[in-house]
Amino acid sequence: MSMICLTDFEEYAKEHLSKATWDYYAAGADECCTRDDNLLAYKRIRLRPRILRDVSVSDTRTTILGTEISFPVGIAPTAFHCLAWHEGEMATSRAAEALNTCYITSTYSTCSVEEIASAAPSGYRWFQLYLYRDRKLSEQIVHRVETLGYKALVLTVDVPYTGKRRDDIRNQFKLPPHLKVKNFDGVFQETAGPEEYGIPANTLDPSISWKDVCWLQSITRLPIIIKGILTKEDAELAVEHGVQGIIVSNHGGRQLDGGPATIDCLSEIVDTVQGRVEVYMDGGIRTGSDVLKALALGAKCVFIGRPVVWGLAYKGEDGVREVLQILNDEFRLSMALSGCRNVSEINRNLIQMSKL
Ligand SMILES: Cc1cc2nc3c(=O)[nH]c(=O)nc-3n(C[C@H](O)[C@H](O)[C@H](O)COP(=O)(O)O)c2cc1C
Ligand SMILES: CCCCCCC(=O)C(=O)O
């Protein structure tokens, strides 16, 4: 089977995964308006290509937090990779290392942070953190990933409660018994009481607030990136609280339905931040020209979620490599066709503002 674009992987995954797993990965909240708009919003944006600029050589490299990556696309944190492929996050980790890009590992991985790190010892990794009611649990995992060489903490702030994903409720979705949230093996699993996805309900702390960002800073020396900002007001607060980066994200439309597409929020946040911290984004990136548009609107790097689990479902590590390689090739081509030789030449002049 020849894979030409990321939607080919989506079709494959839909055909080959169990219905409950497919539904979990695909889910959006409620009516899925925000999930779908994440993709559609890119298609409303038009580019202004420049010509005759000698694009015989093009360079897709960039840096995030001072580290070079081969192109401005990283892997967003998504849970439960062993549902898609038996080696789960270890396969994802190896693919990210091979393509020299950043992998943000989810708190809810089905391999442990130790297994993920040793699968790809030279890989560049950040760790995604949720805040637990039991702060000791959060503190312990932070110290584990520090020791393992993860280079930043990505604090997800848009899940005070899990969004209402209708198919997951209908399917009574939960991890099968042979899979575990490995980072908390023996902690989560032994807790009695109601569950969500096989994880004890009420582990996440809905009282999370800016005070907790200060708390996190007090227990770690790692840079902190806030994931889930959609407004200029919260972007300003993030900068004032001394974080090192922002990920503009609506959790792939899985949390608040009716919120904006992430690409539609990006300029307001970039304009507010004025370069004081790096701004990244995720949600709905499926082609190289989507990446180009996000960079033109000020993102330093974008992250992909669902396409990675589709790649895993297709062929494990090799499938994720193919997903990343296709996106890299498409991005390089879009850059060249719009007259950009390197990422520093990508700017807002590439966007037809009247159509925004
Ligand atoms: C199946 C699935 C699981 C996810 N798990 C997490 C998670 O554990 N932590 C987190 O911060 N975000 C999680 N997300 C959100 C992603 O990090 C990201 O924001 C989103 O998938 C980006 O949209 P895309 O899938 O359209 O690329 C998850 C998303 C999906 C689809
Ligand atoms: C108990 C909360 C489970 C969240 C699982 C991971 C996630 O963020 C998702 O969107 O799914």
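The structure presented is a predicted model; accordingly, all values stated were derived computationally and were not measured.

Moving on, we come to the environment of aspartate 234. Checked against the element boundaries, aspartate 234 lands in helix H9 (residues 232–240). Beyond its immediate stretch of four places on either side in the chain, aspartate 234 contacts Trp210 and Ile229.

On to the side chain of aspartate 23, then. Its location among the elements puts aspartate 23 in helix H2 (residues 19–26). Polar contacts involving the side chain of aspartate 23 include one to the side chain of asparagine 171, which spans 2.9 Å. When residues no more than four places from it in sequence are discounted, the contact partners of aspartate 23 are Asp167, Asp168 and Asn171.

With that settled, consider the pairing of strand S6 (residues 153–156). Residues Leu153 and Leu155 line one face of S6 and the alternating positions Val154 and Thr156 line the opposite face, and both faces are buried. Following the chain from strand S5 (residues 124–129) across helix H6 (residues 135–148) to the adjacent parallel S6, one finds a crossover that is right-handed. Where S6 and strand S9 (residues 224–229) come together, four bridges link them in parallel fashion. From the neighbouring strand, leucine 155 faces S9, where its bridge partner is isoleucine 226.

For the structure on display, the rule yields one cavity of 30 Å³ or more. In this structure, the largest cavity spans a volume of roughly 60 Å³. Tyr130, Leu131, Thr156, Val157, Val159, Pro160, Leu204, Asp205 and Ile208 together form the lining of the largest cavity. The residue makeup of the lining of the largest cavity, split by class, is seven nonpolar, one polar and one charged.

Locating glutamate 330 in the fold gives a position in helix H12 (residues 306–337). Taking the C-alpha atoms as reference, glutamate 330 lies 9.7 Å from aspartate 290; in sequence the two are 40 residues apart. Other than its neighbours up to four places away in sequence, glutamate 330 contacts Ile4, Cys5, Arg286, Thr287 and Gly288.

This part takes up the packing of aromatic side chains. Applying the stated criterion to the full structure yields 15 aromatic pairs. Ring centres of tyrosine 108 and tyrosine 130 lie 5.5 Å apart, and the angle between their planes is 35°; on these two criteria the pair is classed as tilted. Taken together, the residues span a long stretch of sequence, with tyrosine 108 in the loop between strand S4 (102–105) and helix H5 (113–119) and tyrosine 130 in the loop between S5 and H6 at a distance of 22 residues. The residues tyrosine 108 and tyrosine 130 share a single accessibility class, namely buried. With 6.0 Å between their ring centres and 90° between their planes, tyrosine 280 and phenylalanine 303 make a pair best called edge-to-face. Within this pair, whereas tyrosine 280 is found in strand S11 (residues 278–282), its partner phenylalanine 303 is found in strand S12 (residues 301–304), the two being separated by 23 residues in sequence. The exposure classification of tyrosine 280 matches that of phenylalanine 303, with both residues buried. Of the aromatic side chains, those joined through ring pairs into one cluster are Tyr24, Tyr25, Phe80, Phe173 and Tyr197.

Thresholds, definitions, all that
- Residues numbered from 1 in each chain as written.
- Chains lettered and ligands numbered in written order.
- Predicted model: local features only at pLDDT ≥ 70, side-chain atom pairs only at ≥ 80, totals over all residues.
- Heavy atoms only, no water.
- Helix = DSSP H or I, 4+ residues; strand = E, 2+ residues; numbered from the N terminus.
- Contact = heavy atoms within 4.5 Å.
- Polar contact = N/O pair within 3.5 Å; in protein donor to acceptor, adjacent residues only side chain to side chain.
- Buried < 20%, exposed > 50% of the residue type's maximum accessible area, 1.4 Å probe, protein only.
- Right-handed = clockwise from strand over helix to strand, strands pointing away.
- Pairing = 2+ DSSP bridges.
- 1 Å grid on protein atoms, 1.4 Å probe; cavity = no way out; pocket = protein on both sides within 12 Å on 5 of 7 lines; lining within 4 Å.
- Points joined across faces, edges and corners; volume = space filled by probe spheres on them.
- Nonpolar A, V, L, I, M, F, W, Y, C, P; charged D, E, K, R; others polar.
- Phe/Tyr/Trp six-rings, centres within 6.5 Å; stacked < 30°, edge-to-face > 60°.

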